[in-house]
Amino acid sequence: MGSLKLFIKAVRKAKTIADERTVVRKESASIRTSFRDPNLDQTTRRINISKLLYLYILGEKTHFGQVECLKLLASPRFADKRLGYLAVMLLLDENQEVLTLLTNSLDNDMQHPNTFIVGLALTCLGNIASPELARDLYNDVEKIIKTTNSTYLKKKASIVAAKLISKEPDLGEVFLPLVQQMLKEKQPQILLGVCRMIQEMYQHCPEQREAVMRLAPRLIEHLRRIITSGYMPDFDVSGVTDPFLQVTLLHTLRILATDENFPGEFLEQMNDILTQVALNLDSVKNAAHAIMYECIKTIFAIKSDQSLRVLGINLLGKFLLIKDNNIRYVALEMLLTVIDYEPLAVQRHRQTIVSCLLDGDISIRRRALELAFAILNGENIRVLIREILTFLENCTDNELKPYITSQITIASSKYSPNEKWHFDTLIRMLKVSGNYITSDIISNILALMMRCSSGELRKHLVSRLFLAAVEDPLQYALAVVSVWCLGEYADSILGTEVEINGKQVVASEVAILDLINGYINNSNFNDAETTQLVAYILTAVVKLSVKFKDSASLEQLRLILNSRSYDTNLEIQTRAIEYQQIFGQNQKLKQGLLAHMPAPPIKDRQSLTLHGGNIQTKVPKTLTSSSEKTEDLLDLLDDAPTASSQPAAEQATDNDLLLDIFGLTPSAPPASKPAAASNGLLDLYDQPLSQRKPAPQSAPAPSSTEVEAFADGHLKIAFDDQSFQEGQGSFNANITSTSPSKVDQVQLLFAVPKTQKLNITTTQGSDSLVTSNVIRQALRITGKAGSKVKLRVKVKYRLDGETREDQFDFAGFTGTL
């Protein structure tokens, strides 16, 4: 058997994957054969284990060598133990059964006189500790902390103790006195371990939290001592005294201070020390930046003073001036997090944030862009939107453009100083990124233009759109909006002059026709965009037929419709033929038919966020309250008036709601159905429908507690065996036939409010019924204690080969959950 070096060379010499697998399989077989030798010496075992680790790195199976790793630990040599513990930490985890064999070796080695062997055992225990190992070996760890004078071992033991506490929280009571004692030490290594133990105790031992929080003043004293201490050569990093311990102390204090029961006098001390830390650091080195960042995180995590929060934001502003991209990214990310706390303080760094839009790093540009939208308000919108539009014009990241255009649309609608500026901004956005604007933004822009009440302003925006469309015919969104506005409002600019490329051009009928002909023959858009644009053009053409006066222009409009009446796209062909019929009507009829469209309501848009490089919807805070109001409608289910007493419009809405819930199509749609209201009501039920095919059994005698819920002359559905207690309820649904005809394929669909959960536990019988049979389904509902049980039930069955469907609401149960 060769050495590890020869094995690695053989693997690397393999020219194909098949050759490499052959070498690996051959060596694995050799290792397994060697492990079977009862007289295997420790040197050979060590070589085999080292090869096994290499196989583990390659991703090969190594489970056959786990016991041999434990045997290697029995050797008295340090080299064997070091390799053995490394192999155990890599090849085993806390879920392996063979881990129980490790207890004795760890126990022995943690009592070894050699400090480094004790360190190996502690490291191994900290890496693969299980609850069982924690309970078996915590005494050894406690003894090391109490008796040893080695700072090296105390630090290791305290970190391992923290891991044992996380695995077995009951040990927090054992180690708490040691923590209180070790906090009197001044050695940085020991304090690092103590901080780790405090963090784990707070997180995993709720009963110890009050005692742990009382340790905060000692941690504050240690932090103050480090800040005010002089030069410490062993723990100095780039002129900063022990940055690792400072960061750990700040992190620990932040965890404790976020607790609701954290004493107020301790918070005052925290504010003082955080101010001292923030003002004490002036270095441009990374160590100082790490402490500063942890300090800022702590400032905004606890109940700190406003002046301290402003100081934290000013420090983040200094981070933005540093050339290191990592620090600038961290500052932008942190400013996005804290802007809700001190928006005015963040506003002061607007120029620095805007300058980050020109950074060469895409990650910094993304964060700066999101932060720029976050600080937008009515006072700075002109400046910031101008900078963002400049960035959009030069942006090479096409995936980012839909986010920018959407945010510009939302921000300009919310903070625009006047309507003219608002429309000019949208038109410039269409000019610079018309191919990356989504359809919902286009419809939003058109709705805004239709709601424009000023004739002069409408004339201005139509002329601006006409000018932009002539100058750049390759922007899709600009083309759609321009064509629509020309069809709707071309009469407002006919005969006026616009400046195109430095020349004054009259917006005549011929000029508008040239623009339309250029769009209808444009081959730069994809098929879907072309279809949509041509549909808009045909609508504009028929609208222009009542605005144009010249007979030659009217004839050209008619030819455009004729040319599309044979289009291969059915939608365009149908539209062209329909518009031809309208085109041939008399002028008076066309003027009434083709009048200006009424302004539709503008849909509220939700802002977006660039989280992790992906565009995600940012849900507004008001969404929760509205959904809570919707849930109140559930109370109407059992108190609703009968159908005969409801207005006809309400009946139609309710019927459509029920049809939508169960996925049906109404036979005749109502004349008017508000989609928003329907969608809101659909939120009443978010539990999935439970569907079962029940089976018949002999019909029992009707129960005295049975409550009839539904009967249609063919089927009867009743509920009995009702039982309700402490948030749970159970009952049976009995389905019987009341028709002499054959009833089969019976199905029940149940829906419950989203505050409750339905479970169909048992179903008895098949799906066919005769008069003497019954179908029984046992149902169980869980929910908030004291709430009413409300069901929406849909029943499907087939009667003499004809499918029938019905549904009903039932809330007549005598008890509550």
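Residues numbered from 1 in each chain as written. Predicted model: local features only at pLDDT ≥ 70, side-chain atom pairs only at ≥ 80, totals over all residues. Heavy atoms only, no water.

Peer 1: Sorry if this is basic, but what is going on with the environment of Arg558 here?
Peer 2: Position of Arg558 among the secondary structure elements: in helix H30 (residues 551-563). You can call Arg558 partly exposed: its relative accessible area is 31%. On a C-alpha basis, the gap between Arg558 and Ser545 in space is 8.5 Å, while along the polypeptide they are 13 residues apart. (Helix = DSSP H or I, 4+ residues; strand = E, 2+ residues; numbered from the N terminus. Buried < 20%, exposed > 50% of the residue type's maximum accessible area, 1.4 Å probe, protein only.)

Peer 1: Is there a simple way to explain a nonpolar patch on the surface in this structure?
Peer 2: A cluster of nonpolar side chains, namely Tyr56, Ile57, Leu86 and Leu90, defines an oily patch on the protein surface of about 370 Å² accessible area. With respect to the helices and strands, the residue Ile57 is situated in helix H3 (residues 42-58). (Patch = residues over 30% accessible without salt bridge, like charges linked within 9 Å, V, L, I, M, F, W, Y side chains within 5 Å. Areas by Shrake-Rupley, 256 points an atom, 1.4 Å probe, with all protein chains shown as cover. Salt bridge = Lys/Arg side-chain N within 4 Å of Asp/Glu carboxyl O.)

Peer 1: I tried to follow the confidence of the model for the chain on my own but got confused; where do I start?
Peer 2: Do not read the fine detail of predicted coordinates wherever pLDDT is low. For the chain, per-residue confidence averages 81 on the pLDDT scale, and residues scoring 70 or more make up 86% of the total. Residue range residues 619-702 is modelled with pLDDT below 50. Its contacts to residues more than four positions away, or to other chains, number 124 contacts. (pLDDT = per-residue confidence, 0-100. Contact = heavy atoms within 4.5 Å.)

Peer 1: Help me out: how do you make sense of the pattern of salt bridges in this one?
Peer 2: Should the charged atoms of two oppositely charged side chains come close, the side chains can pair. Scanning the model with the defined rule gives 28 salt bridges in all. Across the pair Glu68 and Arg45 runs a salt bridge whose closest N-O atoms are separated by 2.9 Å. Of this pair, Glu68 sits in helix H4 (residues 66-73) while Arg45 is found in helix H3, placing the two residues 23 residues apart along the sequence. The exposure classification of Glu68 matches that of Arg45, with both residues buried. Lys81 is the partner of Asp109 in a salt bridge, and the nearest nitrogen-oxygen pair spans 3.0 Å.

Peer 1: What am I meant to see in the packing of aromatic side chains here?
Peer 2: Ring pairs (aromatic) are described by centroid distance and by the angle formed between their planes. This structure, assessed with the given rule, holds 14 aromatic pairs. Seen from their ring centres, Phe7 and Tyr54 are 5.5 Å apart, and the 85 degrees between their planes marks the pair as edge-to-face. Taken together, the residues Phe7 in helix H1 (residues 4-13) and Tyr54 in helix H3 connect sequence positions 47 residues apart. With a relative accessible area of 3%, Phe7 lands in the buried category. (Phe/Tyr/Trp six-rings, centres within 6.5 Å; stacked < 30°, edge-to-face > 60°.)

Peer 1: Help me out: how do you make sense of the pairing of strand S15 (residues 791-799) in this one?
Peer 2: Along a regular strand, successive side chains alternate from one face of the sheet to the other. Where burial is concerned, most of S15 is hidden: seven out of the nine residues are buried. As judged from the seven bridges shared by strand S12 (residues 743-751) and S15, these two strands associate in the antiparallel manner. In the sheet register, Gln747 faces S15, and the bridge partner there is Lys796. Across nine bridges, S15 lies against strand S16 (residues 802-810) in antiparallel orientation. By the bridge assignment, Arg798 is partnered in S16 with Thr803. Taking the residues that link successive antiparallel strands as the turn, the S15-S16 hairpin has two residues, and the phi of Asp800 there is positive, at about 55 degrees. (Pairing = 2+ DSSP bridges.)

Peer 1: How do you make sense of the packing of helix H25 (residues 439-450) against helix H27 (residues 476-489) when you look at a structure like this?
Peer 2: A pair of packed helices is captured by two measures, namely the crossing angle of their axes and the spacing between those axes. Running from amino to carboxyl end, H25 crosses H27 at an angle of 30 degrees, the nearest separation of the two axes being 11 Å. Looking at the two axes, H25 sits roughly parallel to H27. As H25 packs across H27, the resulting crossing turns out to be right-handed. Two secondary-structure elements touch here, H25 through Ile442, Ile445, Leu446, Met449 and Met450 and H27 through Tyr476, Ala477, Val480, Val481, Trp484, Cys485 and Tyr489. (Axes fitted to C-alpha atoms, helices over the stretch in contact; angles between N-to-C directions. Parallel < 35°, antiparallel > 145°, perpendicular 65-115°, else oblique. Left-handed = near helix turned anticlockwise from the far one by under 90°.)

Peer 1: Is there a simple way to explain unusual backbone geometry in this structure?
Peer 2: Across the chain, the bulk of peptide bonds are trans and the bulk of non-glycine residues have phi less than zero. Backbone geometry places Asp242, a non-glycine residue, at a positive phi of 45 degrees. Take Asp242: it is sitting in the loop between strand S2 (240-241) and helix H14 (243-257). The exposure class of Asp242 is buried, given its relative accessible area of 6%. With a phi angle near 50 degrees, Gln745 is a residue other than glycine that sits in the positive phi range. Residue position: Gln745 is located in strand S12.

Peer 1: Can you walk me through the environment of Cys205 in this structure?
Peer 2: With respect to the secondary-structure elements, Cys205 resides in the loop between helix H11 (188-204) and helix H12 (209-213). Linking Cys205 and Leu171, residues 34 residues apart in sequence, is a C-alpha distance of 8.8 Å. Excluding its chain neighbours within four sequence positions, the residues that come into contact with Cys205 are Ile165, Pro169, Gly172 and Glu200.

Peer 1: For this particular structure, what's the right way to read the nonpolar core?
Peer 2: Ranked by internal contacts, the top residues of the largest apolar core, which has 205 residues, are Leu125, Val141, Phe175 and Ile404. Ranked by residues supplied to this core, first place goes to H27 with 11 residues. When neighbours within four sequence positions are excluded, Val141 is seen to be in contact with Met110, Leu122, Leu125, Ala157, Val160, Ala161, Leu164 and Phe175. (Core = buried A, V, L, I, M, F, W, Y, C linked by side-chain atoms within 4.5 Å.)

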